[in-house]
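Report on the structure
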Amino acid sequence: MTDLRRAMPQDAEAMEVFLAQFAATSMFLRSNLAAHGTDEQTHPHGTTFFLTTERQEITGIFGISNGGYLIAQAPDAPPAVWDAFAAAIKGRKVAGMTGRPIQVAACLAATGLTLGPWAVLADEPLYHLTLTELADVPGTVRTPAETDRALLEAWFTTYALDTGQAEPGDGPTEWAKARAGAAIGSDDVVILEENGSPLAMAGINARLPNIVQVGGVFTPDGMRGNGYARRATAGLLRRCAAQGAMQSVLFANNAVAARAYEALGFQHVGEYRVALLVTPRVVGEPE
């Protein structure tokens, strides 16, 4: 049986080589590794990684972030390896998992989290775009400023509700406040603006020098159906291309969004499962 072991800093280069073979479905793994290495214990995206190897070559990578999200790229892992990963993270709190559907299913079964309960459990279409093929869609975008904080908090709150990541409440969620704060002055979020009025936003949720993953695309109620999300995404990707990115990936959570991305030139390349728990659960505790 292939053994599972904890990844060490000296494994990072080989890990990136392995993950680059599966670029469209490894963005969270790759960006967390690139930004935080293998030993970061405090940042929410810092990840504890585990490896399987054969003849000193990596065959699978498994991770749990400090924020409680499971991520993996292990195309040929048998059930025994998923069981070993579950044993290695026993007692850790899990908020959810994303990845290839068959791998997410295997991991959730091994960790005993199959029954949820789930806020989101869906297979979403996965898309890829070579940025030189980005459609010529007009749109002026800008970096969010401090004066946009209240607007962003409201937008991220509605975005969380729309995507099933939050329940209706009286005001901005803590997640929305954190996302808004992180967006201010960041290259990872843009606001589409016309005649001084903000119309939509688009963001990057995982970034590497040559490839970015789009996430957080949003148009507020009352402004939808006018192509604003498409224009915001195009403006964001033009910025990314100017910074050196050559490719982009994303997963779409509804048919309207999928059509907008296809209009930009994105090509459907597979499916991507999003599994988010209603309340984080501890691995090893009874369902």
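Read on for an overview of the structure. This structure is a prediction, so every number in the text was calculated from the model and none was measured.

1. What about the nonpolar core?
Membership of the largest hydrophobic core comes to 29 residues, with the highest contact counts inside it found for Leu192, Leu237, Tyr261 and Phe266. Elements that contribute at least two residues to this core include exactly strand 6 (118-130), strand 8 (189-194), strand 9 (197-208), strand 10 (211-218), helix 7 (228-242) and helix 8 (255-263). A total of 6 residues in this core trace back to one element, the largest contributor, which is helix 7. Sequence-distant contacts of Leu237, that is, excluding residues within four places in its chain, are made with Leu129, Leu131, Leu134, Val212, Val214, Ser248 and Phe266. Leu19, Ala24, Phe49 and Ile61 belong to the second-largest nonpolar core, a separate cluster that totals 25 residues.

2. A short note on the environment of Ala24
The topology assignment puts Ala24 in the loop between helix 1 (12-19) and helix 2 (27-36). Taking C-alpha positions, Ala24 is 9.3 Å from Ile211, a pair spaced 187 residues apart along the chain.

3. Considerations on the pairing of strand 12 (residues 267-282)
Two elements, strand 5 (residues 93-99) and strand 12, share 6 bridges in a ladder whose sense is antiparallel. Each bridged residue has a counterpart across the sheet, and for Val94 the counterpart in strand 12 is Arg281.

4. Some details on the sheet that holds strand 5
The strands making up a sheet are joined through hydrogen bonds of the backbone, oriented either antiparallel or parallel. Taken together, 12 strands build an open sheet; the order of strands is 1-2-3-4-5-12-6-11-10-9-8-7 and the sheet is mixed. If you trace the sheet from one side to the other, it starts and ends with strand 1 (4-6) and strand 7 (141-142), each paired once. Inspection of the sheet shows strand 9 paired to strand 10 by 6 bridges, in the antiparallel sense. Considered in strand 10, the bridge of Met201 is made with Phe218.

5. Topic: helix 8
Among the residues of helix 8, Ala257, Ala258, Ala260 and Tyr261 are the ones counted as buried. Each buried residue of helix 8 lies within a common arc of 160° when the element is viewed along its axis, so the set occupies one face. Within helix 8, the exposed residues directed more than 90 degrees away from the buried face are Val256 and Arg259. Where helix 8 is buried, its residues touch strand 6, strand 10, helix 7 and strand 11 (247-251). The opening residue of helix 8, the one whose side-chain oxygen lies 3.1 Å from the backbone nitrogen of Val256, is Asn254. Count one or two residues on from helix 8 and you reach Gly265, which has phi positive near 110°.

6. Examining the side chain of Thr38
Inspection of the secondary structure assignment puts Thr38 in the loop between helix 2 and strand 2 (47-54). The contacts of Thr38, once residues within four sequence positions are left out, are Arg6, Ala7, Met8, Pro9, Met15, Leu33, Thr47 and Phe49.

What counts and what doesn't
Residues numbered from 1 in each chain as written. Predicted model: local features only at pLDDT ≥ 70, side-chain atom pairs only at ≥ 80, totals over all residues. Heavy atoms only, no water. Core = buried A, V, L, I, M, F, W, Y, C linked by side-chain atoms within 4.5 Å. Buried < 20%, exposed > 50% of the residue type's maximum accessible area, 1.4 Å probe, protein only. Helix = DSSP H or I, 4+ residues; strand = E, 2+ residues; numbered from the N terminus. Contact = heavy atoms within 4.5 Å. Pairing = 2+ DSSP bridges. Arc of directions from axis to C-beta. Polar contact = N/O pair within 3.5 Å; in protein donor to acceptor, adjacent residues only side chain to side chain.

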